[in-house]
Amino acid sequence: MKVQSIIFALLLMTGILKAQSVQFGPKAGFQVSNFTHVNDSRAALTWFAGAFGQYALPVEGLGLQGELLYSVQGINDADTDIYKERGMNIVLPLLATYELMDKLKVHAGLQPGFLIRSNLVI
């Protein structure tokens, strides 16, 4: 009985997922990053790249979006540019989206990140 209930629930969820719109795509860009509580440093122009998946909920304008991004973050020396510190991260934003009007959306959610590697270039 339990197995039949689980199979029925999975089939029902599959039907619901197929009825809704799911979108995938690449995401890349530049960002300005900085570290707090570091003396003699300034923000650095860094980059990120990855992919996103968006699922439109049955409620008008609401959706869920998940992303998988490789992000480089860091700082530069404030005075002489003698050193640059960079951290390579995997970032997994989990967002709720709301479409205010055509082509204008608001995103809010969590953004856990995991440091993969850190470099200090002198």
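Refer to the structure above for everything that follows.
Everything quoted here is computed from the prediction, not taken from an experiment.

Is there a simple way to explain the overall build of the protein in this structure?
Looking only at helices and strands, the protein features 1 helix and 7 strands. Starting at the N terminus, the α and β elements of the protein follow one another as α-β-β-β-β-β-β-β. Of all 122 residues assigned to the protein, the portion counted as buried reaches 23%. Long-range contacts, defined as pairs at least 24 residues apart, comprise 52% of the intrachain contacts of the protein with a sequence gap of at least 6. A total of about 8,900 Å² of accessible surface is found on the protein, and carbon and sulfur atoms cover 65% of it.

How should I be thinking about the pattern of salt bridges in this particular structure?
Opposite charge on two side chains allows them to pair when their charged atoms are near. Taken as a whole and assessed by the stated rule, the structure comprises 1 salt bridge. With a closest N to O distance of 2.9 Å, Lys 27 and Glu 67 form a salt bridge. Of the two residues, Lys 27 sits in strand S1 (residues 22–33) while Glu 67 sits in strand S3 (residues 62–77), which places them 40 residues apart along the sequence.

What's the story with the side chain of Gln 54 in this structure? I'm lost.
Assignment of secondary structure puts Gln 54 in strand S2 (residues 41–56). A residue is classified by how much of its surface remains accessible, and Gln 54, at 10% relative accessible area, is buried. Residues in contact with Gln 54, not counting those within four places in the same chain, are Ser 21, Val 22, Gln 23, Leu 64, Gln 65, Thr 97 and Lys 105.

Is there a simple way to explain the pairing of S2 in this structure?
Along a regular strand, successive side chains alternate from one face of the sheet to the other. Two strands pair when backbone bridges link them, and S1 and S2 are joined in this way by 12 bridges, in the antiparallel orientation. Within the sheet, the bridge partner assigned to Gly 29 lies in S2 and is Phe 48. One ladder, built from 12 bridges, connects S2 with S3; its direction is antiparallel. Opposite Gly 50, over in S3, you have Leu 69 as the bridge partner. Adjacent in sequence and paired antiparallel, S2 and S3 are bridged by 5 residues, among which Gly 61 carries a positive phi angle near 90°.

Help me out: how do you make sense of the packing of aromatic side chains in this one?
Centre-to-centre distance and the angle between the planes together describe a pair of aromatic rings. Across all of its chains, the model carries 1 aromatic pair by this definition. Each ring, one from Trp 47 and one from Tyr 70, has its centre 5.7 Å from the other, and the planes form 45°; the classification is tilted. Taken together, the residues Trp 47 in strand S2 and Tyr 70 in strand S3 connect sequence positions 23 residues apart. The exposure class of Trp 47 is partly exposed, given its relative accessible area of 40%. Its relative accessible area of 29% is what places Tyr 70 among the partly exposed residues.

Conventions adopted
- Along each chain, residue indices are assigned from 1 in the same order as the chain's sequence is written.
- pLDDT decides what is reported in this predicted model: residues at 70 or higher carry local features, side-chain atom pairs at 80 or more are listed and counted, and totals for whole chains, interfaces and linings draw on all residues regardless.
- Side-chain descriptors were evaluated using all non-hydrogen atoms of the structure, hydrogens and water having been removed beforehand.
- Runs of H or I in DSSP of at least four residues are treated as helices and runs of E of at least two as strands, each being numbered from the N terminus.
- Burial status follows relative accessibility: with a 1.4 Å probe on protein chains alone, a residue under 20% of its type maximum counts as buried, one over 50% as exposed, and anything between as partly exposed.
- Whether two residues are in contact is decided by their heavy atoms: any pair within 4.5 Å suffices.
- Note on areas: Shrake-Rupley with a 1.4 Å probe; residue coverage comes only from the protein chains shown.
- Within this document, salt bridges are pairs made up of a side-chain nitrogen of Lys or Arg and a carboxyl oxygen of Asp or Glu, the two lying within 4 Å of each other.
- The pairing criterion for strands is at least two bridges between them, as found by DSSP.
- Put simply, two rings from Phe, Tyr or Trp (the six-membered ring, in Trp's case) pair if the centres are within 6.5 Å, and we call them stacked under 30 degrees between planes, edge-to-face over 60, tilted for the rest.

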